[in-house]
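Per-entry structural report
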Amino acid sequence: MKKFNIRKVLDGLKEVSSSTPAVQVGPQENHQIQETIQSEHFQLCKTVRHGFPYQPSSMAFDPVQKILAIGTQSGALRLFGRPGVECYCQHETGAAVIQLQFLINEGALVSALADDSVHLWNLRQKRPAILHSLKFNRERITFCHLPFQSKWLYIGTERGNIHIVNVESFTLSGYVIMWNKAIELSSKAHPGPVVHISDNPMDEGKLIIGFESGIVVLWDLKSKKADYRYTYDEAIHSVAWHHEGKQFICSHSDGTLTIWNVRGQGKPIQTITPHGKQPKDGKKPEPCKPILKVEYKTTRNGEPFIILSGGLSYDTVGRRPCLTVMHGKSTAVLEMDYPIVDFLTLCETPYPNDFQEPYAVVVLLEKDLVVIDLAQNGYPIFENPYPLTIHESPVTCCEYFADCPVDLIPALYSVGSRQKRQGYSKKEWPISGGNWGQGTQSYPEIIITGHADGTVKFWDASAIMLQVLYKLKTAKVFDRNRSKEDKGSTEVSDEDPFAIQIMAWCPESRMLCVAGVSANVIIYRFSKLEVTTEVVQLLEVRMQYELNDIESPDGGGGGEQTSAHPTPGASPQTSGPPSHPSTSSNNSDGGNIPCLKVRSTPLKQSPGYQVDLVVQLVWVSGEPPQQITSLALNSSYGLVVFGNINGLAVVDYIQKTVVLNLGTVELYGSNDPYQRQPRSPRKTRQPSGGLCDINEGSATSEDRCKSPTSDHRDNSFSRSRSSSVTSIDKEARESISSFHFSETFARKGDSALTPCLYVGTSLGTVLALALTLPPAGEQRQLQPVIISPTGMLVRLKGSILRMAFLDSAGSLVPPAHEPWYEPNVTADGEEREKVRKRRPVSVSPSTSQELSESQYAVVCSEKQAKVMSLPSQTCIYKHSITETSFILRADVVQMSQGACVACFCANGHIMTLSVPGLRPLMDVNYLPLTDMRIARTFCFTNLGQAMYLCSPTEIQRITYSQDICENLQEMLGELFTPVETPEAPNRGFFKGLFGGGAQSLDREELFGEIAAGKASRSLAQHIPGPGGIEGMKGAASGVVGDLARARIALDERGQKLGELEERTAAMMASADSFSKHAHEMMLKCKDKKWYQF
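Residues numbered from 1 in each chain as written. Predicted model: local features only at pLDDT ≥ 70, side-chain atom pairs only at ≥ 80, totals over all residues. Heavy atoms only, no water.

**What to know about the side chain of Arg780**
The cut-off we apply is this: Secondary structure counts use DSSP, requiring at least four H or I residues in a row for a helix and at least two E residues in a row for a strand, with both numbered from the N terminus. The buried label goes to any residue with under 20% of its type's maximum accessible area, the exposed label to any with over 50%, and the partly exposed label to all in between, with areas taken from a 1.4 Å probe on protein chains only. In the analysis that follows, any N or O atom pair within 3.5 Å is treated as a polar contact, provided that within protein one partner can donate a hydrogen and the other can accept it, and provided that, for residues neighboring in sequence, both atoms belong to side chains.
Structurally, the position occupied by Arg780 is in helix 7 (residues 778–782). Arg780 gets classed as buried once you look at its relative accessible area, which sits at 7%. In terms of polar contacts, Arg780 uses its side chain to reach the backbone carbonyl oxygen of Tyr637, at 2.7 Å.

Written out as structure tokens, the structure is:
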């Protein structure tokens, strides 16, 4: 994970990227590669958003369609159907969603927002859209209620009034219930905002209204007056009906529940304090915390369920938030991991006047979604099939791989399925609506996330789905409990010492390498067998920055001199004597202490990723190790390389040795382009213009070994952005920023391809190292790997981000790799030898190429891209990608039409360039970099896929491929599926004969314009939605359908008619006053003779 300097990022935001055309340099006739990739192959669009909705605020469920909707504090709307069917929409204003109401089985949803607007969403299209909006001007919305199969939405306000909206036309009715009429003389004070509205399940003409102060009113809609009023001296939070409509229950701010008879005046028939201690002497129990919500659900054969959130007693300090389920005599208190935002009871019927038969409770927590099975003893939870655990520990870095080997996902799934918890409900997940898309995209995709607690998660991301495959805990390698003697290391480490910073993965060999924030690198092999490792193998590396012998640089010899076969633990140190006396306070603890202690006890390793080797950077002369800034691995060569601000180290993980440990300066040898000052112990506090002491500035040694969440951003972003390279800025110590292994031409004019390691630095230099590997088989285990620096290839402006190689036809040359084999086979030794001896698959260009120009190196830095021809090492193309901003992420990716360079710039632009010609193909101003998380997690992969974390809990996937954009509609799931609404409950013969049973009401007659008149124009304004006619094509049937279609067609006309109506009214009014005046004149003058005028 890269570190960032926020100041520079913000500078970058202000600027706009410039796309100057690529400049072709050098001989032209040789490099006429026909580039097949064109700009029409690119288009940018969002595909899907996965993960837990960030900061949820409300929830609703459609019991017939079986769809769950969740609204958030930032105006986002997430809809969930069966696993794999989910959808994300956004309210443009970004105001918090305070309430959601489904039009049950209609494929529509009403949302109420904190900015006092109400919106109608059409869910009958794959990308839901708003059909209508209504914005209240003078009233604040506090509660909404839409009765089942009704088109009239009740809206309660902060002033205590209730307005009624027709959801088909989204117009206000003239019928208003005013607070003073509702309470009349029953209370001297204002009753407070409306906190609840619902109609009596057995009589739609009776509405119960709960006011915050504790007053409940039963309102008769027809006679327009209150039938009954119920007062209680504690504030009300919620109200729920018994399905027979004779009783209701209220929850209060003192932790009590009151049950009332509809006809009973005065007192509640029962008062319960679920969590209060009952005193013996009959006094009131002590008050508890407020019960925020209560639901009252009946069952045909058994006791009703009373389900509530909150209400715990005040002395339960540190107690986790709870959901309480009261059923008959039993009370179950279910503890939750996070505060409860809302909960809903799922019932068998959508009809409120039938036995409810609850079967599950969906609990929305601040950071999780839990579904409880009410039908099973002990109320187990359902296993959640959605990918909502991305944020279990904060994500610190991501990698995305499209078009992986086909056997990978099954292999990861099989080892991951053993990690599942037990004790879940046996039933099917109850949120099961919608249908999957008809995706034709068939290649496997994998996303890997690294987390702050050291876990690494592998996700199957194929075909716009997301599912966790396997979870690896890297912290197991270390001792968790640090002893007292290690005081030095506890102080410097921040709160996340195990956080993952960078990950390198080879999908073909399944080798994984992770670099942690505590300057450690762990190498893992994949195995299907369990194994117990007696001793975790450890290599300690001392990397120190030295500039003493700068006057006599030793050519490229530094490499050979250290490539002897060192013993593990005693890593070669290519630097001179320690550069300053031990003045540092940390030196008292012995000098080379790593930040974390590797465990000394045997480690049982389950099938999956098993640790092969741990490499740790240690303190040198009282200086803490520097964070690792770059990492790469190659399974064919058996090497891992990592670099930081001091230099780089190459580790041979087959022989478990350090092959090379070089300071950055020594990579250059004699042709170092920078004038660096030698460092002297006497001058450490006055840097002399060049590179200075490690403790320069005010950064104390405590700042060195910090987690990615800390503020001290030290390396790859905090360098000088000046283009002058002759004198290095004080803050711009040259660090290693990227690596690339490839089989290419190591030196100028070479005629044969050899394994090489290319190194990019933060000052824009690319250097090459030639690798001499022993033959495969037994000798690879014994003979040393020899590495020799071969000098500088090219220099660019800005830090090097990415390197890649193309063959003479312009196709990407993938790095050599070894196929996966089972590392823990011991029984069949010969078999294993055979596997080891197979020559690693090196995908190198065909030998029949003419040797004049056999390869191209593509190099991309923060500012520009260059293409070099090899082995002549001439620059043939260069392109300045951005002058004023800088690139955060660049990848050379394979599209179906050919390769290209994809870049994400700090000013929010996403760009692609052709290779090798570096023609700009796409430049879209996608999103400004609003926070560091996007910069840290953004990655491109092959076939036009990209992703980033758009919030701490959610992954946003985007595509830059025209093909995917065109096929996206097919790939997306359907939320709405035609389902029959269940039959209404039977009234029974006697109830029909003697009255009783459900009373229906003609709401149209009451609330329509004829009876109720028009609402005040200034109260709310109607805004037609962008879902418009297009959206309506999907909604071909249903209550909303036909009327809404007509409504939208009339909308524009309606607006004009509205204006006309107002003008006509004004004309009529003036005509009216004119006739009045005329009449008065006439009366005055009636009896006068002409000569009296």
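What follows picks up the thread again.
**Here we look at unusual backbone geometry**
In this chain, Leu870 is followed by Pro871 through a cis amide linkage whose omega measures 5 degrees. Relative to the helices and strands, Pro871 is located in the loop between strand 51 (864–870) and strand 52 (874–880). Residue Pro916 follows Val915 across a cis peptide bond; omega there is 0 degrees. At Ala519, a position not held by glycine, the phi torsion is positive, near 60 degrees. Looking at the secondary structure, you find Ala519 in the loop between strand 35 (511–516) and strand 36 (520–527). Overall, Ala519 belongs to the buried group, its relative accessible area being 2%. Look at Leu943: it is not a glycine, yet its phi comes out positive at around 60 degrees. Along the chain, Leu943 falls in the loop between strand 57 (939–941) and strand 58 (945–951).

**A closer look at the sheet that holds strand 26 (residues 330–335)**
To keep things clear, this is the line we draw: When DSSP finds two or more bridges between two strands, those strands count as paired. Inter-axis angles, ranging from 0 to 180 degrees, are taken between N-to-C directions of lines fitted to C-alpha atoms, where helices are fitted over the stretch in contact.
Pairing in this open sheet of 4 strands is antiparallel, and the strands run 23-24-25-26 from one edge to the other. Pairing within the sheet leaves two strands with one partner each, and these edge strands are strand 23 (291–297) and strand 26. Along the sheet, successive strands turn relative to each other by an average axial angle of 15 degrees, direction set aside. Where strand 23 meets strand 24 (residues 305–310), 6 bridges bridge the pair, whose relative direction is antiparallel. Within the sheet, the bridge partner assigned to Lys297 lies in strand 24 and is Phe305.

**Here we look at the sheet that holds strand 19 (residues 236–241)**
Spatially, 4 strands are ordered 19-20-21-22 in an open sheet, and the strand pairing comes out antiparallel. If you trace the sheet from one side to the other, it starts and ends with strand 19 and strand 22 (270–272), each paired once. Averaged over all adjacent pairs, the angle separating strand axes in this sheet is 20 degrees, with direction ignored. Two strands pair when backbone bridges link them, and strand 20 (residues 247–252) and strand 21 (residues 257–261) are joined in this way by 5 bridges, in the antiparallel orientation. Counted as the bridge partner of Cys250 is Thr258 from strand 21.

**Looking at the pattern of salt bridges**
Heads up, the condition is: The salt bridge definition used is simple: a Lys or Arg side-chain nitrogen within 4 Å of an Asp or Glu carboxyl oxygen.
Applying the stated criterion across every chain yields a total of 30 salt bridges. Here Arg320 and Glu335 are joined by a salt bridge, their closest N and O atoms 3.2 Å apart. Taken together, the positions of Arg320 in the loop between strand 24 and strand 25 (322–327) and Glu335 in strand 26 put the pair 15 residues apart, joining distant regions of the chain. Its relative accessible area of 39% is what places Glu335 among the partly exposed residues. Measuring nitrogen to oxygen at the nearest pair gives 2.8 Å for the salt bridge that ties Arg889 to Asp891. Neither Arg889 nor Asp891 differs from the other in exposure class; each is buried.

**Quick notes on helix 3 (residues 408–416)**
For clarity, the cut-off: This arc describes the spread of directions from the helix axis toward the C-beta atoms.
Residues of helix 3 that are buried: Leu408, Ile409, Ala411, Leu412, Val415 and Gly416. Looking straight down helix 3, one finds its buried side chains confined to an arc of 165 degrees; they lie on one side.

**Re the packing of aromatic side chains**
Put simply, the rule is: What counts as a ring pair is set by centres within 6.5 Å for rings of Phe, Tyr and Trp (its six-membered ring), and what kind of pair is set by the plane angle: stacked under 30 degrees, edge-to-face over 60, tilted for all other angles. Lysine and arginine charges are scored as sitting over a ring when NZ or CZ, respectively, is within 6 Å of the ring centre and within 35 degrees of the ring normal.
Considering all chains together, one arrives at 29 aromatic pairs under this definition. Taking 5.5 Å as the distance between ring centres and 70 degrees as the angle between the ring planes, the aromatic pair formed by Trp152 and Phe1007 counts as edge-to-face. With Trp152 in strand 12 (residues 152–157) and Phe1007 in helix 12 (residues 1003–1007), the pair connects residues that are 855 residues apart, well separated along the chain. We note that Trp152, like Phe1007, is buried. Taken together, a centroid distance of 5.7 Å and an interplanar angle of 70 degrees make the contact between Tyr230 and Trp260 edge-to-face. Here the residue Tyr230 occupies a position in strand 18 (residues 225–231), and Trp260 occupies one in strand 21, the gap between them amounting to 30 residues. In this structure an aromatic cluster arises from ring pairing among Phe42, Phe904, Tyr926, Phe938, Phe940, Tyr948 and Tyr960. Residue placement shows Arg49 over the ring face of Tyr88; its charged tip is 3.7 Å from the ring centre. Arg82 extends its terminal NZ or CZ atom over the ring of Trp436, reaching a point 5.3 Å from the ring centre.

**Let's talk about helix 10 (residues 962–971)**
The criterion, for reference: Between two residues, a contact is recorded if the distance between any of their heavy atoms is within 4.5 Å.
Of all the positions in helix 10, only Gln962, Ile964, Cys965, Leu968 and Met971 are classed as buried. The secondary structure elements touched by the buried residues of helix 10 are strand 2 (42–51), strand 58 and strand 59 (954–961). At the N-terminal end of helix 10, a side-chain oxygen is found 3.2 Å from the backbone nitrogen of Asp963, two or three residues along, and the residue is Ser961.

**Here's the deal with the nonpolar core**
The tendency in soluble globular proteins is for nonpolar side chains to be buried as a group. The condition is simple: Nonpolar cores are built from buried Ala, Val, Leu, Ile, Met, Phe, Trp, Tyr and Cys residues. Side-chain atoms within 4.5 Å join them into one set.
In this structure, Leu412, Ile446, Phe458, Trp505, Tyr524 and Tyr609 are the most contacted members of the largest nonpolar core, which totals 34 residues. The dominant element in this core, judged by the number of residues it contributes, is helix 3, at 5 residues. With residues up to four places along the chain from it excluded, the contact list for Leu412 reads Ile446, Phe458, Leu469, Tyr470, Phe526 and Tyr609.

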